[in-house]
There are 4 protein chains.
Amino acid sequence: MIYLKNDYSEGAHPRVLSALIETNLEATTGYGEDEYCAKAAAKIKKVFACPDADVHFLVGGTQTNQTALSAFLRPWEAAVGTELAHIATHETGSIEATGHKVLTAHAPDGLLTPAMVEEICSRHESEHMVKPKILYISDSTEVGTIYHKAELAALSECAHQRDMYLYLDGARLASALTSPENDIAPEDLAKYCDAFYVGGTKNGALFGEALVLINDALKPDFRYGLKQHGGMLAKGRLLGVQFDELFTDGLWFTIAGHANKLAKKLQDGIVEKGYSLLVHSPSNQIFPIFPDALVKKLAESFAFEEQGAAGEGLTCIRLVTSWATKEDAVDAFLAQI
Amino acid sequence: MIYLKNDYSEGAHPRVLSALIETNLEATTGYGEDEYCAKAAAKIKKVFACPDADVHFLVGGTQTNQTALSAFLRPWEAAVGTELAHIATHETGSIEATGHKVLTAHAPDGLLTPAMVEEICSRHESEHMVKPKILYISDSTEVGTIYHKAELAALSECAHQRDMYLYLDGARLASALTSPENDIAPEDLAKYCDAFYVGGTKNGALFGEALVLINDALKPDFRYGLKQHGGMLAKGRLLGVQFDELFTDGLWFTIAGHANKLAKKLQDGIVEKGYSLLVHSPSNQIFPIFPDALVKKLAESFAFEEQGAAGEGLTCIRLVTSWATKEDAVDAFLAQI
Amino acid sequence: MIYLKNDYSEGAHPRVLSALIETNLEATTGYGEDEYCAKAAAKIKKVFACPDADVHFLVGGTQTNQTALSAFLRPWEAAVGTELAHIATHETGSIEATGHKVLTAHAPDGLLTPAMVEEICSRHESEHMVKPKILYISDSTEVGTIYHKAELAALSECAHQRDMYLYLDGARLASALTSPENDIAPEDLAKYCDAFYVGGTKNGALFGEALVLINDALKPDFRYGLKQHGGMLAKGRLLGVQFDELFTDGLWFTIAGHANKLAKKLQDGIVEKGYSLLVHSPSNQIFPIFPDALVKKLAESFAFEEQGAAGEGLTCIRLVTSWATKEDAVDAFLAQI
Amino acid sequence: MIYLKNDYSEGAHPRVLSALIETNLEATTGYGEDEYCAKAAAKIKKVFACPDADVHFLVGGTQTNQTALSAFLRPWEAAVGTELAHIATHETGSIEATGHKVLTAHAPDGLLTPAMVEEICSRHESEHMVKPKILYISDSTEVGTIYHKAELAALSECAHQRDMYLYLDGARLASALTSPENDIAPEDLAKYCDAFYVGGTKNGALFGEALVLINDALKPDFRYGLKQHGGMLAKGRLLGVQFDELFTDGLWFTIAGHANKLAKKLQDGIVEKGYSLLVHSPSNQIFPIFPDALVKKLAESFAFEEQGAAGEGLTCIRLVTSWATKEDAVDAFLAQI
């Protein structure tokens, strides 16, 4: 079985694993107060050009979103995202579990726009309704699309004019930033977002996300929230060691570029053969539409997820590449369609 | 610096690390639905003699306690524990964060008794107060003491007579079960508890706790809670691989025995030299009381935590041993006092 | 200024007020454990033909919905309603504040259908998403429409087939049940719903809603939730006295019929004059669409709420009648358009 | 049966009821945005000398405490009170239900002191524990005692030095302020507290508490919380009308003085006859200790609450007077003992 199912099917990138092996028997302080976390945070602040940021390391994305948003919002404040937003659909109501509504806009390409925000805000203007307070975006999005710099800048302006925050879920940020269609520089994230996270789980780490707090208002006492949500790893240095390695010699970017390259080959090959796509994706998740019979046959050799019906006799599937994907896998897939 | 500070200062036991290395490049299904988790769960159910149990793997203890208790309780129901209970003191109100009060009894030795439960229940008998619903105990406790079988049986009876649950936090369960003073068999846990967790983080794993649900009432839909609290690890097999190895050839027990042996040597040596203890501990955490000056001097060579003042000019410190502690460290400590 | 703004603009119906005056100096037990509450509950159980129901009295609708739903749902379970559902739009996220998501379907007439429920359930089939567990409907709805018996029966069947509950928000239930277009008998509510509430605030009481729990699974310990949410009124008998009077000689029905009659006259008159409606309403809230200039002029003499723009130069307004509305007010309004 | 059971056994003071009757058929805007609420707020701000305060009207005490504290605290912040604090014991965990721990100090007289606060804070100094943020006190307390001005000032200083808030639960504030032993002026509350509430339910209103927000940091968006917790009464003017009357000609003070006078006569009479007290109370709740047989006999003619055993063969009971208590009742009671 060839896995094109996810970017978290394997363990860690060999260099990340080596770093863990090398440091395994060292004794350090717990809870992320060790030297490895400090080093990793320093590298992240340098890459994203935000020397005054606070960087916190968490284990996974749902936990990061929940811990961050619940720390940022007052009880009646809400997040605003697209209908595809991961927090709206695939995190089992973890934001609502902390008391906050998620307001959503219809956006089949997964991209939030200022117009959507304005429409939602126009319907939430009194204390009988929740108060929109934070914009949630993902880059790359849940359907593989990416934001462009002008779009990010416009969302940032839209948020700040309304005294709202802009938060970016970077579970697949490495894929977005290394996409051939990307024009957002790492420092733009720090410039436009109030907070964002740098995804490790889906790009070479065993696990781990690095939350970067830019806006000073969001920084105080954050570690209390980290602990309260079970996000303060006892052996916190495991996160530091991994991110330290990922941000050594640009590994985090290099391996995402590899995933993108193979995803592009896959998508281009599929399109060339005449199949259509749910949406054009410039990142490591692609969404081709195939006849049901072909999907069934492909499932014999390849592991992937079905997105759902896409018209009479057609099914949309999701194919994901990662640092661990081999070009052979892509070639084998293209050979079968 | 010699670490006697914690049982999570190092990485993983070499055998556990090897298992992770060997399986690193395998592609598996995510979210704990892989074969390694299945194998590990089967081994745990066998060791604890509970073939019908549900086993769920989580990353850490605070997360496990929070996810479990919030799934088990209705909104107005409360947990009952000692004043030292980890959920009452050192988890930043994570149980309250899910809406539930923690009722506590004074118990300097960390052991909950039916009499304490009865006293608390007698003060909570109407709907103007929270409803005590779950007993929370730790074995070993937060001060290193352990339960005996008769005590566990009595708490279980006390709980079930009142239609309450008995939950055991097993962060250091391996140390308790391998204590020379222990008379609780693994199968007793399944017999007396409604749920308990088998700690990995503090006994050889990089991270990980295995929650065992015995009572059928607690099983339905638990994975929803797991996901909602950010406890469903994307690369869930990392937990399966580690627990599979820990429960191969009794590794989980063997290495805890090692920690206990060194803790006993340490405690006995300290007592022999005439120092007193906060409490006699038969497990891997000990709490000697030293003159302040000695504590200061010890801190130059050893990493440990201070528990607080223990009378005029005296300080109680906590020393912890683990699978990674070397006998040399113990000898060096005893030589200094 | 003539008020057609709401059905809670005045105080209590004179008979209800008299009952409060007559009993004012009696001393009773607090917290709803008095004889008046018992009498009122008995009358409600008789009218709705549910002798085994539990009846709880609360002060207002938001509190009732929040207290009920949070008691009925496990942490990851969600409510399902229309996009207009009061809990989804006008209760400041009070359901989310207790941890639960509200899933919504597009329904401009405010009526939930089994097809909508099925579509939502089909998108929520794994533990990565919330679990739809309770159907929330209002009768009359937020736009004045009402359910018919066959629709209610179908929703009930839909809910129960999926192991879900059917909950009916009866803030304006009296208006629905006395609508000339209604075919639901009071006993049908007990037959088809798992819980519903009988609105007092908007139909003659100073304040108060009577929550009726039909499904045995929803009954245990409910008063704990009542107290926890601040819904247990110290002078609980105030609620009993009012509902006792409202359900004496059919007052609750009679006065709602009065409101409906005037609303019908208003709506018929408006339609006769050639204006259109947002939706045809058979109950005490109507939604005519007028030219902006007319709305402006009407606002000089009448108090009402604007619903929003309804096309170029048109505005939809809401007019509400109540037990306190006089026919003169309706005539005056019709004379102005 | 003569009621000495509570200060909420009857309806409203006749003058308050008259005000409701007189205004009953007026139509006003809902949700507390009417003229009566504005007038009542102005009077309260004048009496308590806080022209810049925000005043919000809520229905009951539990709701007020829950709505206020949950609006004031970040997720990991905790309230600090005595073990007798109403929020700690008799509100069914309503503070925990919003996510916050209540830390308590042992204080048999119900009075919190700076020393208690310091002791609690000294045990909560890292992010592994909740962060003490608000001091909760009641005046009069749950056992009838009252604060003196120096004590209130010291608590205020203690709170503000630690960047904490001081919140005063004034369910029985009128009784405290009119106690012969009181030296706190109304304006002292505004001077020393960050927020406090002025109790109506237990002093002449049908229901209602007026929350006064002094500290500017606590004011923004409070009405969102009011609505979210179901505390925004549709016919909000009912609260305005009542408080307007209570603060006309000093009625709120006068009737509390009456209750205190009778309580004093009762307590003095009991002491004269040789019985002891749980605690000396200068307010409208007293706690005499009687032989069990006497308690049993008294219960035939008088309604009161038992506080619990108070030594071999002795029971402590609670007697409460109110604006509605008649001197005859006190005389009758004293005659029986």
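Source: prediction; values computed, not measured.

A. Quick look at the overall build of chain A. When you go through chain A residue by residue, the secondary structure sums to 14 helices and 14 strands. Scaling as 2.2 N^0.38, a compact globule of 337 residues should have a C-alpha radius of gyration of about 20 Å, and chain A matches this with 20 Å. If one aligns the C-alpha atoms of chain A with their principal axes, the spans along those axes are about 55 × 55 × 35 Å. Restricting the contact set of chain A to residue pairs at least 6 apart, pairs at least 24 apart contribute 74%. In the structure as shown, chain A presents an accessible area of about 11100 Å², 51% of it carried by carbon and sulfur atoms. Each charge class in chain A was averaged separately, 29 positive and 45 negative side chains, and the resulting centres sit 4 Å apart.

B. Focus on the relation of the copies chain C and chain A. After a rotation of 180 degrees and a shift along the axis of 0.0 Å, chain C superposes on chain A with an RMSD of 0.0 Å. Given the turn and translation reported, the copies of this chain are related as if by a two-fold rotation axis. Interface overlap between copies: 100% of the residues of chain C at the interface are likewise at the interface in chain A, consistent with a symmetric, same-surface contact.

C. Broad picture of the pattern of salt bridges. Residues and elements named next belong to chain A. Tallied over the entire structure, the rule returns 64 salt bridges over all chains. Where Lys-133 meets Asp-163, a salt bridge forms, and the shortest distance between an N and an O atom there is 3.6 Å. Of this pair, Lys-133 sits in strand 5 (residues 131–138) while Asp-163 is found in the loop between helix 7 (149–161) and strand 6 (165–169), placing the two residues 30 residues apart along the sequence.

D. Here's a closer look at the side chain of Ser-179 of chain A. Structurally, the position occupied by Ser-179 of chain A is in the loop between helix 8 (173–177) and helix 9 (186–192). Contact partners of Ser-179 of chain A, with chain neighbours within four places excluded, come to Ile-146, Asn-260 and Pro-282 of chain A.

E. Examining helix 3 (residues 61–72) of chain D more closely. The end-to-end C-alpha distance of helix 3 of chain D is 16 Å, a good match for the 16 Å that twelve residues give at a rise of 1.5 Å each. Of all the positions in helix 3 of chain D, only Gly-61, Thr-62, Gln-63, Thr-64, Asn-65, Gln-66, Thr-67, Ala-68, Leu-69, Ser-70, Ala-71 and Phe-72 of chain D are classed as buried.

F. Expanded view of the packing of aromatic side chains. All names here are of chain B. Overall, the coordinates contain 62 aromatic pairs over all chains when judged by the stated rule. Seen in terms of ring centroids, Phe-48 and Phe-247 are 6.3 Å apart; in terms of plane orientation they differ by 65 degrees. Their pairing is edge-to-face. Here Phe-247 lies in the loop between helix 10 (237–246) and helix 11 (251–272) and Phe-48 lies in the loop between helix 2 (35–47) and strand 2 (54–58), a separation of 199 residues in the sequence. For Phe-48, a relative accessible area of 0% puts it in the buried group.

G. Representation of the sheet that holds strand 6 (residues 165–169) of chain C. Residue and element names in this part refer to chain C. If you trace the seven strands from one edge of the open sheet to the other, you get 2-8-7-6-5-3-4, paired in mixed fashion. Single-partner strands in this sheet number two, and they are strand 2 (54–58) and strand 4 (102–105). Taking each pair of neighbouring strands and ignoring which way they run, the sheet shows an average axis angle of 25 degrees. Against the sheet, helix 2 (residues 35–47) touches strand 2 and strand 8 (209–213), its axis set at about 120 degrees to strand 2.

H. Fine view of the interface of chain A and chain B. Each side of the interface is counted separately: chain A has 41 residues, and chain B has 42 residues. Sorting the residues of chain A by area buried against chain B places Tyr-8, Gln-228 and Lys-235 of chain A first, and these three jointly supply 17% of that buried surface. The interface formed by chain A and chain B includes zero salt bridges. Counting the contacts that link chain A with chain B gives 25 residue pairs in polar contact (both at pLDDT 80 or more). For the side of chain A that touches chain B, the elements supplying multiple residues, two or more each, are helix 1 (14–23), helix 3 (61–72), helix 5 (94–97), helix 10 (222–228) and helix 11 (237–246) of chain A. Within the side of chain A that touches chain B, the residues separate by chemical class into 18 nonpolar, 16 polar and seven charged.

I. Region of the structure containing the pairing of strand 5 (residues 131–138) of chain D. Residue and element names in this part refer to chain D. The element strand 5 is extensively covered by neighbouring structure, given that seven of its eight residues are classed as buried. The pairing of strand 5 with strand 6 (residues 165–169) spans five bridges and is parallel. Along strand 6, the bridge assignment pairs Leu-135 with Leu-166.

J. Broad picture of the relation of the copies chain A and chain B. For the pair chain A and chain B, the best superposition has an RMSD of 0.0 Å and corresponds to a rotation of 180 degrees with a translation of 0.0 Å parallel to the axis. Residue by residue, 100% of the interface of chain A is reproduced at the interface of chain B, so both copies engage with the same surface.

K. Structural detail: the interface of chain C and chain A. Contacts between chain C and chain A engage 17 residues on the former and 17 residues on the latter. At the boundary of chain C with chain A, total buried surface from both sides reaches about 1300 Å², with 51% on carbon and sulfur atoms. There are two salt bridges connecting chain C and chain A. The residue Glu-96 of chain A makes a salt bridge to Lys-101 of chain C at a minimum N-O spacing of 2.7 Å. At the junction of chain C with chain A, the criterion picks out ten residue pairs in polar contact (both at pLDDT 80 or more). Mapped onto the side of chain C that touches chain A, the elements with two or more residues apiece are helix 4 (86–89) and helix 5 (94–97) of chain C. Along the lines of polarity and charge, the residues of the side of chain C that touches chain A split into six nonpolar, seven polar and four charged.

L. Layout of the sheet that holds strand 3 (residues 77–82) of chain D. Residue and element names in this part refer to chain D. Taken in spatial order, the seven strands line up as 2-8-7-6-5-3-4 in an open sheet, and their pairing is mixed. Edge positions in the sheet fall to strand 2 (54–58) and strand 4 (102–105), since each has one partner strand and no second. On average, adjacent strands in this sheet sit at an angle of 25 degrees to one another, irrespective of strand direction. As paired elements, strand 6 and strand 7 (residues 195–199) share two bridges and run parallel to each other. Within strand 7, the position partnered with Tyr-167 by the bridge is Ala-195. Where helix 3 meets the sheet, its contacts fall on strand 2, strand 3, strand 5, strand 6, strand 7 and strand 8 (209–213), and the angle it forms with strand 6 comes to roughly 170 degrees. Against the sheet, helix 6 (residues 149–161) engages strand 5 and strand 6, with an angle of about 140 degrees to strand 6.

M. Seen up close, helix 12 (residues 292–301) of chain D. All names here are of chain D. Three or more residues of helix 12 are buried, namely Leu-294, Val-295 and Leu-298. Viewed end-on, helix 12 has its buried residues packed into an arc of 100 degrees, placing them on one side of the element. In helix 12, the exposed positions angled more than 90 degrees off the buried face are occupied by Ala-293, Lys-296 and Glu-300.

N. The confidence of the model for chain A, seen in detail. Taken as a whole, chain A shows an average pLDDT of 97; of its residues, 100% reach a score of 70 or greater. Taken together, the chains of this predicted complex give a pTM of 0.97 and an interface ipTM of 0.96.

O. Main features of the packing of helix 1 (residues 14–23) of chain D against helix 10 (residues 237–246) of chain D. All names here are of chain D. Remark: helix 1 packs on helix 10, axes separated minimally by 9 Å, with the N-to-C direction vectors making an angle of 135 degrees. The orientation of helix 1 relative to helix 10 falls into the category oblique. Once helix 1 is placed against helix 10, the crossing between them reads as right-handed. Packed against helix 1, whose contacting residues are Arg-15, Val-16, Ala-19, Leu-20 and Thr-23, the element helix 10 presents Arg-237, Leu-238, Val-241, Gln-242, Glu-245 and Leu-246 at the interface.

P. Expanded view of unusual backbone geometry. Cis geometry marks the peptide bond from Asp-139 of chain A to Ser-140 of chain A, where omega comes out at -5 degrees. Its place among the elements puts Ser-140 of chain A in the loop between strand 5 and helix 7. Backbone geometry at Tyr-31 of chain A places phi at a positive 60 degrees, although glycine is not the residue there. Tracing the sequence through the fold places Tyr-31 of chain A in the loop between helix 1 and helix 2 (35–47). A positive phi is found at Asp-163 of chain C, a non-glycine position, where the angle reads about 60 degrees.

Q. Inspection of the state of the cysteines at higher detail. Enumeration over the complete set of coordinates arrives at zero disulfides over all chains. Cysteine Cys-121 of chain C shares no disulfide, and the gap to the nearest cysteine sulfur, in Cys-158 of chain C, comes to 6.6 Å. We note that Cys-193 of chain D lacks a disulfide partner, and the nearest cysteine sulfur, in Cys-50 of chain D, lies 10 Å from it. Residue classification places Cys-193 of chain D among the buried residues on the basis of a relative accessible area of 2%.

R. Quick look at the side chain of Glu-91 of chain A. Locating Glu-91 of chain A in the fold gives a position in the loop between helix 4 (86–89) and helix 5. Buried and without a salt bridge, Glu-91 of chain A has Lys-227 of chain B as its closest oppositely charged side chain, separated by 5.9 Å. For Glu-91 of chain A, the residues in contact, after removing those within four places along its chain, are Thr-62, Asn-65 and His-86 of chain A, Lys-227 and Gln-228 of chain B together with His-128 of chain C.

Quick notes on the rules
- Residues numbered from 1 in each chain as written.
- Chains lettered and ligands numbered in written order.
- Predicted model: local features only at pLDDT ≥ 70, side-chain atom pairs only at ≥ 80, totals over all residues.
- Heavy atoms only, no water.
- Helix = DSSP H or I, 4+ residues; strand = E, 2+ residues; numbered from the N terminus.
- Rg over C-alpha atoms; globule rule 2.2 N^0.38 Å.
- Contact = heavy atoms within 4.5 Å.
- Areas by Shrake-Rupley, 256 points an atom, 1.4 Å probe, with all protein chains shown as cover.
- Lys, Arg positive; Asp, Glu negative; His and termini not counted.
- Charge placed at Lys NZ, Arg CZ, Asp CG, Glu CD.
- Least-squares fit on C-alpha atoms with pLDDT ≥ 70 in both.
- Salt bridge = Lys/Arg side-chain N within 4 Å of Asp/Glu carboxyl O.
- Expected span 1.5 Å × (residues − 1).
- Buried < 20%, exposed > 50% of the residue type's maximum accessible area, 1.4 Å probe, protein only.
- Phe/Tyr/Trp six-rings, centres within 6.5 Å; stacked < 30°, edge-to-face > 60°.
- Pairing = 2+ DSSP bridges.
- Axes fitted to C-alpha atoms, helices over the stretch in contact; angles between N-to-C directions.
- Buried area = accessible area lost by both parts, 1.4 Å probe.
- Polar contact = N/O pair within 3.5 Å; in protein donor to acceptor, adjacent residues only side chain to side chain.
- Nonpolar A, V, L, I, M, F, W, Y, C, P; charged D, E, K, R; others polar.
- Arc of directions from axis to C-beta.
- pLDDT = per-residue confidence, 0-100.
- Parallel < 35°, antiparallel > 145°, perpendicular 65-115°, else oblique.
- Left-handed = near helix turned anticlockwise from the far one by under 90°.
- Disulfide = S-S within 2.5 Å.

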